[in-house]
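Residue strings, one per chain:
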Amino acid sequence: MLSARSTSTQAGDVARADVAVVGAGPIGLAVAWRCAARGLRVTVHDPAPGSGASAVAAGMLAPVSEAYFGERELTGLLVESAARWPAFAAELTEASGVELGYRTEGTLLVGLTADDLAEARRLWAYQQEIGLPVTPLRPSELRDREPALAPRVRGGAFAATDHQVDPRLLLPALRIAAERAGAVLVPGPVRTLADLDAAVTVVAAGCGAAALTGLPVRPVKGQVLRLRAPGGATPGFRHVIRGYADGESVYLVPRSGGEVVVGATVEERRDTDVSAGAVLRLLRAAVDVLPELAEYDLVETAAGLRPGTPDNAPILGPLPGRPGVLAATGHHRHGIVLTPVTADLIADLVTTGRPDPLLAPFRPDRFTGPAAPDSAGSDPTAPATGAAAADAVPAAGGAGVSAAGDDDVAARTSEEDPWN
Ligand SMILES: Cc1cc2nc3c(=O)[nH]c(=O)nc-3n(C[C@H](O)[C@H](O)[C@H](O)COP(=O)(O)OP(=O)(O)OC[C@H]3O[C@@H](n4cnc5c(N)ncnc54)[C@H](O)[C@@H]3O)c2cc1C
């Protein structure tokens, strides 16, 4: 495969990019689309676009049911991004001509046993306490909404604002939109950031970001199944269903075309093997919640690697000591829901040089500590975030990248890179 450097030699455009994006998953493609739409010259480097975690992701847009204890700042970002999804989906469909499978029926949260419900209610109480819209439902109200639920379901709640999109439609749409806006896809892996000759580099490589930047991004394995309703019929339920079933947690995501996604395990492993035990547990929990699934075809078993971080939140913004390099990675379980807000905030940062206040809790230097001194001559006591990044990013519209600025950024990026 071609390295970025050798590709840039062959393709003149690459050497002159304003923005080089590493990774063509949802995050990288959306950043590329937003930057290219603002008139910047953008390249996107990936040996296999869309082949990361998004290739198996369920596509739940779930700021409410994914709001966990101790993750207030992450929850705030999830809520913000989910609020952007309706406009983002409409704009992306318009730009690409692709329907995304974006659905807004909401999510039912259900429990089977008293223990399951006790665990779930503790979380729902917390979610209500922080102002999120979770509505407890009686069993009869649950069945009014989804008659196919198992008689064993003892109670639940409704999260009306937790929606879904189909990542297998989202990724092609993002790619088309990015390319129509002028972004150039460069097929090949980036082995070192020093190989990229652009004013700004955005590292959006999912789990691949760790090797490129030294950031603490680790793979968190998720096994997931895809079922299909008999004869290609529409699934016998409309809502996303998240169940607590005899101590197992499971989600069921119905697609209009007849597919049901059943997920997912959460494992500290880096392989993508599918285990019989995981398939057994997921299927048992799924059928316990919705018995008719036993009649569906099992059409796919798969595993993907979520880009996890120590605090489960993404890493967004200037990399300390690396002028001109921005991180947009570590989206863990939330990369699909966080796509709109990540793309907007990173494109804003690239074009204005000023980090939006929303980025503050997610800065890369929360893990790396103070920045290394900048040997290119800036104040060695100043962290290389914000102001230093502002030096390195192009002015709005992309026209403001001076030749001197380009050279300066490229030189500092390659010389100071302690991980390359
Ligand atoms: C089972 C499962 C279910 C999930 N369900 C949901 C869900 O319901 N909702 C939700 O919001 N999120 C979900 N996620 C999480 C979501 O898929 C990820 O957070 C999201 O895909 C991260 O996007 P990304 O673009 O950062 O990384 P990825 O999607 O992993 O893409 C990274 C890309 O970078 C490329 N790359 C890597 N290294 C290099 C390199 N050196 N050079 C060039 N390219 C490189 C890869 O080829 C890949 O194309 C799920 C994940 C899993 C595994």
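Please read these numbers as outputs of a predicted model, since none were measured by experiment.

**Things to note about the pairing of strand E6 (residues 155–159)**
Each regular strand carries side chains that alternate between the two faces of the sheet. Burial within E6 is extensive, with 4 of its 5 residues counted as buried. Bridge count between strand E5 (residues 135–137) and E6: 3 bridges; the pairing is antiparallel. Paired with Pro 136 across the bridge in E6 is Ala 157.

**Focus on the site of the ligand**
Contacts to the ligand come from 44 residues, most closely from Gly 25, Gly 52, Gly 206, Gly 208 and Gly 335. Each of domain 1 (4–54 + 168–217 + 311–415) and domain 2 (107–160 + 219–306) gives at least three residues to the shell around the ligand.

**What about the confidence of the model for the protein chain?**
When pLDDT is averaged across the protein chain, the result is 86; 84% of the residues are at 70 or more. Contacts from residues 1–14, a stretch scored under 50 in pLDDT, to residues over four places away or in other chains number 26 contacts.

**Some points on the nonpolar core**
Formed by 122 residues in total, the largest nonpolar core has its most connected members in Val 19, Val 31, Ala 32, Val 202, Val 289 and Ile 346. Those residues in contact with Ile 346, other than ones at most four positions away along the chain, are Val 31, Val 202, Leu 316, Leu 326 and Ala 328.

**Here's the deal with the sheet that holds E5**
Ordered in space as E5-E6-E4-E11-E12-E13-E10-E14, the 8 strands form an open sheet in which the pairing is mixed. If you trace the sheet from one side to the other, it starts and ends with E5 and strand E14 (297–308), each paired once. Each adjacent strand pair in this sheet contributes to an overall mean axis angle of 25°, direction not counted. Where strand E11 (residues 240–245) meets strand E12 (residues 248–254), 5 bridges bridge the pair, whose relative direction is antiparallel. By the bridge assignment, Arg 242 is partnered in E12 with Tyr 251.

**Notes on the sheet that holds strand E9 (residues 200–203)**
Ordered in space as E8-E2-E1-E9-E16-E15, the 6 strands form an open sheet in which the pairing is mixed. Here the strands that pair on one side only, and so sit at the sheet edges, are strand E8 (184–186) and strand E15 (315–318). Each strand of the sheet is rotated relative to its neighbour by a mean of 20°, with strand direction disregarded. Bridge count between strand E1 (residues 19–22) and strand E2 (residues 42–45): 4 bridges; the pairing is parallel. Paired with Val 21 across the two strands is Val 44, which belongs to E2. Against the sheet, helix H3 (residues 26–37) engages E1, E2, E9 and strand E16 (325–329), with an angle of about 170° to E2.

**Quick notes on the environment of Ala 53**
Tracing the backbone shows Ala 53 in the loop between E2 and strand E3 (60–61). With 25 C-beta atoms counted inside 10 Å, the residue Ala 53 sits in the buried group. For the pair formed by Ala 53 and Gly 25, sequence separation is 28 residues and the distance between their alpha carbons is 8.0 Å. When sequence neighbours within four positions are dropped, the list of residues in contact with Ala 53 reads Gly 25, Gly 206, Gly 304, Leu 305, Arg 306, Pro 307 and Gly 335.

**Here's the deal with the pairing of E1**
Because side chains alternate across E1, one face comprises the buried residues Val 19 and Val 21, and the other comprises Ala 20 and Val 22, equally buried. On the question of chirality, the crossover connecting E1 to the parallel E2 by way of H3 is right-handed. Pairing of E1 with E9 involves 4 bridges; the strand directions are parallel. Note that in E9 the partner of Val 21 across the bridge is Val 202.

**Some details on helix H7 (residues 167–180)**
Compared with an ideal rise of 1.5 Å per residue, which puts 14 residues at 20 Å, H7 spans 20 Å between its outermost C-alpha atoms and is within 8% of the ideal. Considered for burial, the residues of H7 that qualify are Pro 167, Leu 169, Leu 170, Leu 171, Ala 173, Leu 174, Arg 175, Ala 177 and Ala 178. For H7, the elements touching its buried residues are H3, E2 and helix H4 (72–96). Looking one or two places after H7, you find Gly 182, whose phi comes out positive at around 115°.

**Structural notes on the packing of H3 against H7**
With their axes 8 Å apart at the nearest point, H3 and H7 run at an angle of 30° to one another. On the basis of their axis angle, the class for H3 and H7 is roughly parallel. In the packing of H3 onto H7, the handedness of the crossing is left-handed. Packed against H3, whose contacting residues are Pro 26, Leu 29, Ala 30, Ala 32, Trp 33 and Ala 36, the element H7 presents Pro 167, Leu 170, Leu 171, Leu 174, Arg 175, Ala 177 and Ala 178 at the interface. Classifying every residue of the contact of H3 with H7 by side-chain character gives 12 nonpolar, no polar and 1 charged.

**Considering helix H5 (residues 114–129)**
Relative to the 22 Å expected for 16 residues at 1.5 Å per residue, H5 spans 22 Å between its end C-alpha atoms, a close match to the ideal helical length. Among the residues making up H5, those that are buried are Asp 116, Ala 120, Trp 124 and Gln 127. Relative to the axis of H5, the buried residues are bounded by an arc of 55° and lie together on one face. Seen from the open side of H5, the exposed residues pointing more than 90 degrees away from its buried face are Ala 114, Asp 115, Ala 118, Arg 122, Ala 125 and Glu 129.

**Regarding the packing of H3 against helix H10 (residues 339–352)**
The N-to-C vectors of H3 and H10 enclose an angle of 45°; their axes lie 8 Å apart at closest approach. Here H3 is positioned oblique relative to H10, judged by the angle of their axes. The chirality of how H3 crosses H10 is right-handed. Counting all contacts with H3, which are made through Pro 26, Ile 27, Ala 30, Val 31, Trp 33, Arg 34 and Cys 35, the residues of H10 involved are Thr 339, Thr 342, Ala 343, Asp 344, Ile 346, Ala 347 and Val 350. In terms of residue class, the contact of H3 with H10 is made up of 10 nonpolar, 2 polar and 2 charged.

The rules behind the values
Residues numbered from 1 in each chain as written. Predicted model: local features only at pLDDT ≥ 70, side-chain atom pairs only at ≥ 80, totals over all residues. Buried ≥ 20, exposed ≤ 12 C-beta atoms within 10 Å, placed from the backbone. Helix = DSSP H or I, 4+ residues; strand = E, 2+ residues; numbered from the N terminus. Pairing = 2+ DSSP bridges. Near = placed C-beta within 6 Å. Domains from an automatic or database assignment. pLDDT = per-residue confidence, 0-100. Contact = placed C-beta atoms within 7 Å. Core = buried A, V, L, I, M, F, W, Y, C linked by C-beta atoms within 7 Å. Axes fitted to C-alpha atoms, helices over the stretch in contact; angles between N-to-C directions. Right-handed = clockwise from strand over helix to strand, strands pointing away. Expected span 1.5 Å × (residues − 1). Parallel < 35°, antiparallel > 145°, perpendicular 65-115°, else oblique. Left-handed = near helix turned anticlockwise from the far one by under 90°. Nonpolar A, V, L, I, M, F, W, Y, C, P; charged D, E, K, R; others polar. Arc of directions from axis to C-beta.

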